[in-house]
Amino acid sequence: MSRTTDRRGGRDDSLRVVVVDDSPFMRGLIADLLTDAGVAVVGEAGDGAEALSVVAETRPDVVTMDVEMPGMGGLEAVERLMDETPTPVLMLSAHTAEGAEVTFEALERGAVDFFSKPGGEVSTGVSRESDRLVEAVKSVADADLDAATRDRRESDADGPASDPSPGATASAGASGSPGTAAVDVDGPLTVVIGSSTGGPNAVERVMSALPKADCRIVIVQHMPEAFTARFADRLDAASAYDVREASDGARIGPGEAVVARGGSHTRIDSYRAGRLRVKLDEDDSQSVTPAADVTMRSAAEVVDDPLVGVVLTGMGSDAAEGIRAMADAGARTIAQSEDTCVIYGMPKRAVETGGVDEVRDLDDVAGAIVGGEA
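Presented here is a report on the structure given in the accompanying data block. (Residues numbered from 1 in each chain as written. Predicted model: local features only at pLDDT ≥ 70, side-chain atom pairs only at ≥ 80, totals over all residues. Heavy atoms only, no water.)

Here the focus is the sheet that holds strand β15 (residues 332-336). One open sheet holds the 7 strands; their spatial order is β9-β11-β8-β7-β14-β15-β16, and the pairing between them is parallel. Strand pairing shows two members of the sheet lacking a second neighbour, β9 (242-245) and β16 (358-360), which therefore form its edges. With strand direction ignored, the average angle separating the axes of adjacent strands in the sheet is 20 degrees. Here β9 runs beside strand β11 (residues 256-259); their pairing, made up of 4 bridges, is parallel. Opposite Asp-242, over in β11, you have Glu-256 as the bridge partner. Running over the sheet, helix α8 (residues 199-209) touches β7 (189-195), β8 (215-221), β9, β11 and β15 and is turned about 170 degrees from β8. (Pairing = 2+ DSSP bridges. Helix = DSSP H or I, 4+ residues; strand = E, 2+ residues; numbered from the N terminus. Axes fitted to C-alpha atoms, helices over the stretch in contact; angles between N-to-C directions. Contact = heavy atoms within 4.5 Å.)

Encoded structure:
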């Protein structure tokens, strides 16, 4: 049976949230943390089916959705919710490799972002991360839901994918096959991509459309350590590039890419004969880890061949200092357009520095990276 609540915390203009989790303990803990931060919890549900009813009744600004639940789980609930009562969803997932895989599937089905539960499915560790949870809820509330669900809507419109004809070049959206046609670029090209909220789908879309070239790529997506290796695997499957998680001392050559490991920063330590060498750094002076600013500044200092900096969707100001440093070093710089961002925070801050050469819609970013049109 649907259950609505009214934990408004005394503010009529509060964000309105529905909390979905099969554990009564976790529902209460999450609701209390949000309420203490001035967020109004207007409903709770113990499974996906109940969540659909509560959301339809309360029309909240955000839904926090557990992944693993008996009956209708989080994946099916997100998909049904986007069809019936589209609402920004923050997935709450286990901090494990298995949790990462399911979370990426939820993002594909329309969830805006995810929060990794420290300590497992049922844990008081969430209390230690209350500030991060509240920030995630607020960022999801500001999301452009049309941008967040675009891949899913396009996939539904296209219907079942057909095999490309012999010799056809497949280099379209994130759900398509990796592009294989090679292109020439102006010298050995190093590309640094920074992203946050909405970034996993956006990065996958760019990488899947990026033609094979004399490129080496470093991707900095705000993501915990348990998730970045799986993210690299997904990009490897979706793109024409060999993609892996960054490791200390790793070298990156033409046609290769690394995803910055969660929990540490990835610095470009050296550049020789068209090969990058990266160093992992656990410096905690940055507000986010991994930070695109760290990687971009190091690229500006070290790389003396053609360089491109890209800022995609995300909340906050990470990459603003880095893109300015890259521009000052002579790099070409690109920011995703507001109309195609899930959250127009990071690109906006980057543009405000005056260090961005081009603002491009998401589907035009890959072409802009290699100096042409996608």
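Structure's up, so let's keep going.
Any two packed helices are characterised by how steeply their axes cross, that is the angle between the axes, and by the distance between the axes. Following both chains from N to C, one finds α8 and helix α9 (residues 225-238) inclined at 30 degrees, their axes separated by 9 Å at the closest point. By the angle between their directions, the pair α8 and α9 is classed as roughly parallel. Along this stretch, α8 crosses α9, giving a crossing that reads as right-handed. Within the contact between the two elements, α8 uses Pro-200, Val-203, Glu-204, Met-207 and Ser-208 and α9 uses Phe-231, Arg-234, Leu-235 and Ala-238. Residue composition of the contact of α8 with α9, by class: 6 nonpolar, 1 polar and 2 charged. (Parallel < 35°, antiparallel > 145°, perpendicular 65-115°, else oblique. Left-handed = near helix turned anticlockwise from the far one by under 90°. Nonpolar A, V, L, I, M, F, W, Y, C, P; charged D, E, K, R; others polar.)

Right, let's talk about the environment of Ala-331 for a bit. Here Ala-331 lies in the loop between α11 (320-328) and β15. You can call Ala-331 buried: its relative accessible area is 7%. The spacing of Ala-331 and Pro-306 is 25 residues in sequence and 6.7 Å in space, taken between C-alpha atoms. If near-sequence neighbours (up to four positions away) are discounted, Ala-331 is found in contact with Leu-307, Val-308, Met-326 and Asp-357. (Buried < 20%, exposed > 50% of the residue type's maximum accessible area, 1.4 Å probe, protein only.)

Let us look at helix α1 (residues 24-36). If you check α1, its first and last C-alpha atoms are 18 Å apart, about what 13 residues at 1.5 Å a residue would give, namely 18 Å. Gly-38, located one to two residues past α1, shows a positive phi value of around 85 degrees. (Expected span 1.5 Å × (residues − 1).)

Over the atoms rolls a probe the size of a water molecule, and its path tells where empty space is left. As a volume, the largest pocket reaches approximately 940 Å³. Elements represented by at least two residues in the lining of the largest pocket include exactly β6 (113-117) and α5 (130-141). In terms of residue class, the lining of the largest pocket is made up of 10 nonpolar, 14 polar and 8 charged. (1 Å grid on protein atoms, 1.4 Å probe; cavity = no way out; pocket = protein on both sides within 12 Å on 5 of 7 lines; lining within 4 Å. Points joined across faces, edges and corners; volume = space filled by probe spheres on them.)

Of note, the amide linkage connecting Thr-289 to Pro-290 takes the cis form, showing an omega dihedral of 0 degrees. Inspection of the secondary structure puts Pro-290 in the loop between β13 (275-281) and α10 (292-302). The phi dihedral of Arg-59 is positive, around 50 degrees, even though this residue is not glycine. As for its placement among the helices and strands, Arg-59 is situated in the loop between α2 (48-58) and β4 (62-66). On the accessibility criterion, Arg-59 (54% relative accessible area) is exposed.

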